[in-house]
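Inside the fold
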Amino acid sequence: MTRPSLPGHPHFACREGELFAENVNLRELAAAHGTPLFVYSKAAMLSALAAYQRGFAGRHAQICYAMKANSSLGVLQVFARAGCGFDIVSGGELDRVLAAGGEAGKVIFSGVGKTRTEMRKALAAGIGCFNVESEAELDVLSEVALALQLRAPVSIRVNPNVDPKTHPYISTGLKDNKFGVAHEDALRIYQHAASLKGLRVVGIDCHIGSQITDATPYLDAMDRVLDLVAAIEAAGITLEHIDFGGGLGINYNNDTPPEADALWRQLLARLDAHGYGGKKLMIEPGRSLVGNAGVCLTEVLYVKPGEHKNFCIIDAAMNDLPRPAMYQAFHAIVPVTAAATKGAAEMTYDVVGPVCESGDWIGRDRALSVVAGDQLAVMSAGAYCMSMSSNYNTRGRAAELLVDGDQVHLIRRRETVEDQMRQELLVKG
Ligand code: PLP
């Protein structure tokens, strides 16, 4: 039996009872490379990108992949070769972009706490724009740029105070979030920016949150931002571009976010209605480009029946897949090989990792037929998993593979304990 694709994962399919990424059998990958193992589909990334490209056809637009979602070099390479720019939040991320062949001129630098060193590095590289998040940052950036005899291209991140109706930890456009400047202060802050000799005001930006599954907050945020564009330009400050951030959600658990092209058809109609359809557009999608392009393969170590709970203990943990522990997030968990699990009775399990924390769970109350040695795939693991992974409990980071048709590229070797201890020193004497 061939099931064409798994919900939300167009390039992952179950064929004859086995899970595939494009044309590659995931059981065979787990056997060859060990677990936990991240496997990404290049076609899935490019088809997610194509939805945005369709939405922007005929427009002056730049897609800047928000690389915090997954900053592995092999992933960045896919987007750099597809012509994307990048949204970065640290000097380290800029180094990664350049190492992966990305263009500095297509980089935008977001984040509330840029250091002077990071500003100097980004200016020297010639990045496209600094998305400034406070008035104090404007002053420092101007000073740093003047010292280099440069003018820094800036956009100011405006907080439209729109509720994206997502998890509070990934909601960023409300008044009490640390991000951006308040809508009511924005015009004055733009006037201040325009007066600083080390800056060149080029744009405006907003980002209201992540895993947004409804178009309404985007439309509301657009209205709020475009009102400001009118006020700023009326004050004599010309804006070359408008950046609407990222945030579009993916299907983790019967979520129904709009397709990127459908969302942008609506947003562009609104933009045209405000008379700004001719402006250069920028966006910063992360999760929606990579989230459902990746899975994490893991092996069942033990099943542990209990009086109140049954536990399925796997070899992946919160250090590999931090989203459930951080945001109570849901990842679907499916068998890699349906046949292997046939013998076991279906039971309800909490799927947990080996880390010594009660918060180390990957899935709760999941119906599974599993025995030790079975492999499972944790779905929707392309975004905010490897990039948020850690070495907690001295666990090495997992290996990563990029599948392209029937080819498999190792894009990250499994981290050894020697790798982990390399920077550490014993006290002498
Ligand atoms: N842009 C900024 C400024 C962000 O903070 C984020 C993530 O929080 C993104 C873009 C990417 O968001 P997402 O992965 O939800 O598309």
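Below you will find a few notes about this structure. (Residues numbered from 1 in each chain as written. Predicted model: local features only at pLDDT ≥ 70, side-chain atom pairs only at ≥ 80, totals over all residues. Heavy atoms only, no water.)

Quick look at the side chain of D261
Looking at the element boundaries, D261 is found in helix α9 (residues 260-274). Polar contacts involving the side chain of D261 include one to the side chain of R54, which spans 3.1 Å. When sequence neighbours within four positions are dropped, the list of residues in contact with D261 reads A51, R54 and G55. (Helix = DSSP H or I, 4+ residues; strand = E, 2+ residues; numbered from the N terminus. Polar contact = N/O pair within 3.5 Å; in protein donor to acceptor, adjacent residues only side chain to side chain. Contact = heavy atoms within 4.5 Å.)

Some words on the layout of surface pockets
Its boundaries defined by the atoms lining it, the second largest pocket holds a volume of some 440 Å³. Secondary-structure elements contributing two or more residues to the lining of the second largest pocket are α2 (42-55) and α10 (287-290). Of the residues forming the lining of the second largest pocket, the biggest block, 6 residues, is contributed by α2. Grouping the constituent residues of the lining of the second largest pocket by class yields 13 nonpolar, 8 polar and 3 charged. The two domains that each donate at least three residues to the lining of the second largest pocket are domain 1 (2-41 + 291-421) and domain 2 (110-285). (1 Å grid on protein atoms, 1.4 Å probe; cavity = no way out; pocket = protein on both sides within 12 Å on 5 of 7 lines; lining within 4 Å. Points joined across faces, edges and corners; volume = space filled by probe spheres on them. Nonpolar A, V, L, I, M, F, W, Y, C, P; charged D, E, K, R; others polar. Domains from an automatic or database assignment.)

Overview of the environment of G180
On the secondary structure map, G180 appears in the loop between β10 (152-159) and β11 (181-182). Here G180 falls in the buried class, since its relative accessible area comes to 17%. Not counting residues within four places of it along the chain, the set of residues in contact with G180 comprises E133 and R157. (Buried < 20%, exposed > 50% of the residue type's maximum accessible area, 1.4 Å probe, protein only.)

Some thoughts on the pattern of salt bridges
For the coordinates displayed, the defined rule picks out 21 salt bridges. Note that D365 is salt-bridged to K309, the shortest N-O span being 3.2 Å. Residue D365 is located in strand β19 (residues 361-368), and its partner K309 is located in the loop between β15 (294-304) and β16 (310-314); the two are separated by 56 residues in the primary sequence. Accessibility expressed as a relative area gives 52% for D365, which makes it exposed. (Salt bridge = Lys/Arg side-chain N within 4 Å of Asp/Glu carboxyl O.)

Observations concerning the side chain of N25
With respect to the element layout, N25 can be found in strand β4 (residues 24-25). A distance of 2.8 Å separates a polar atom in the side chain of N25 from the backbone nitrogen of R27. Polar side-chain contacts of N25 include one of 3.1 Å to the backbone nitrogen of E28. Not counting residues within four places of it along the chain, the set of residues in contact with N25 comprises E18, L19 and F20.

Observations concerning the pairing of β15
When strand β5 (residues 37-41) meets β15, the two strands line up antiparallel, connected through 4 bridges. Counterpart to F38 in the pairing with β15 is C296. As defined by bridge partners, β15 adjoins strand β20 (residues 375-378) across 4 bridges and the pair is classed as antiparallel. The residue of β20 that forms the bridge with L297 is A377. Hairpin connection between β15 and β16: a loop of 5 residues separates the two successive antiparallel strands. (Pairing = 2+ DSSP bridges.)

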